[in-house]
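Residue-level structural notes
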Amino acid sequence: MRGGLNAAGLRFGIVVSRFNSFITERLLLAALEALEGAGADAKSIDVARVPGSFEIPLAAKKMAESRRYDAVIAVGCVLRGETSHYDYICSEVARGCQLAQMDTGVPVVFCVLTCDTLEQAIGRAGLKGGNKGFEAGLTAVEMATLARKIAAAGDTARNGSVSSRPKRRARRR
């Protein structure tokens, strides 16, 4: 287990764009490495491939709605071109992933690189150091664990065993 994170017993969905697969496959491998390094069983991780980054939010939302996953990781890479297409795609993918997690309550970790150049993407995919896919895997474990703790605290509070609010200290006068 890395960094004190424990993914044992958690399930993860990963949505990966096939567009710019030279980058996205490296991000995917690093995310898998992080999940498995934190104790996730390889059988508890499902990977869905979509044509491009624009399709990621719908697949992520469908995975989250299924309630089979404790967290979903969105993996893609959008490179700036000569037109405004880049701006529309980046904005809508980010918005769609945010809506997917807000609508379902399942964490959707955003690992969609939005880079000006291929060189920037290569740097973020671990070929020159650090890998954003690895960071996304660790974030997924952390958020899945947090979501479970919050849900468990809510269940306990509803059953009357524990107050969901911290106790206030008496004021001294």
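The paragraphs below set out a description of the structure included in this document.

Basis of the calculations
- The residue numbers shown here count from 1 along each chain, following its written sequence.
- Per-residue local features of the predicted model are confined to residues with pLDDT of at least 70, and side-chain atom pairs are confined, for both listing and counting, to 80 or more; whole-chain, interface and lining totals are unaffected and use all residues.
- Excluding hydrogens and water, the side-chain values take into account all heavy atoms of the structure.
- The rule is simple: take the accessible area with a 1.4 Å probe, protein chains only, and divide by the maximum for that residue type; under 20% is buried, over 50% is exposed, in between is partly exposed.
- Only runs of H or I of at least four residues qualify as helices and only runs of E of at least two qualify as strands under DSSP, and these elements are numbered from the N terminus.
- This arc is built from the directions going out from the helix axis to the C-beta atoms.
- We define a salt bridge as a contact between a side-chain nitrogen of Lys or Arg and a carboxyl oxygen of Asp or Glu at a distance within 4 Å.
- All axes are obtained by fitting lines to C-alpha atoms, using only the stretch in contact for helices, and the reported angles, taken between N-to-C directions, cover 0 to 180 degrees.
- Roughly parallel covers angles under 35 degrees, roughly antiparallel covers those over 145, roughly perpendicular covers 65 to 115, and oblique covers all other angles.
- Whether two residues are in contact is decided by their heavy atoms: any pair within 4.5 Å suffices.
- Ten residue types, Ala, Val, Leu, Ile, Met, Phe, Trp, Tyr, Cys and Pro, are classed as nonpolar, four, Asp, Glu, Lys and Arg, as charged, and the remainder, Gly among them, as polar.
- Within this analysis, patches are made of residues with over 30% relative accessible area and no salt bridge. Like charges are joined at 9 Å or less; nonpolar side chains (Val, Leu, Ile, Met, Phe, Trp, Tyr) at 5 Å or less.
- A 1.4 Å probe and the Shrake-Rupley method give the accessible areas. Residues count as covered only by the protein chains that appear here.

Here the focus is helix 2 (residues 56–65). Within helix 2, the full set of buried residues consists of Ile-56, Pro-57, Ala-59, Ala-60, Met-63 and Ala-64. Along the long axis of helix 2, the arc covered by the buried residues comes to 165°, so they all point the same way. Turned more than 90 degrees off the buried face of helix 2, the exposed positions are Leu-58 and Lys-62.

With that settled, consider the pattern of salt bridges. Scanning the model with the defined rule gives eight salt bridges in all. Where Asp-70 meets Arg-148, a salt bridge forms, and the shortest distance between an N and an O atom there is 3.1 Å. One end of the pair, Asp-70, is in the loop between helix 2 and strand 3 (71–79); the other, Arg-148, is in helix 5 (residues 132–158), and 78 residues separate them in sequence. For Asp-70, a relative accessible area of 17% corresponds to the buried category. Given a relative accessible area of 42%, Arg-148 falls into the partly exposed group. For Glu-135, the salt bridge goes to Lys-132, with nearest N and O atoms at 3.5 Å. Of this pair, Glu-135 and Lys-132 both sit in helix 5, three residues apart, which is roughly one turn of that helix.

It is the contact of helix 2 with helix 3 (residues 85–104), at a shortest axis distance of 8 Å, that shows an interaxial angle of 10°. By the angle class used here, helix 2 and helix 3 are roughly parallel. Along the contact surface, helix 2 presents Ile-56, Pro-57, Lys-61, Ala-64 and Glu-65, while helix 3 presents Glu-92, Val-93, Gly-96, Cys-97, Ala-100, Asp-103 and Thr-104. A class-by-class count of the residues in the contact of helix 2 with helix 3 yields six nonpolar, two polar and four charged.

On to a nonpolar patch on the surface. A surface patch of nonpolar side chains, about 270 Å² in accessible area, is lined by Met-143, Leu-146 and Ile-150. Within the element layout of this structure, Met-143 appears in helix 5. With a relative accessible area of 35%, Met-143 lands in the partly exposed category.

Worth remembering: the numbers are spatial, not functional.
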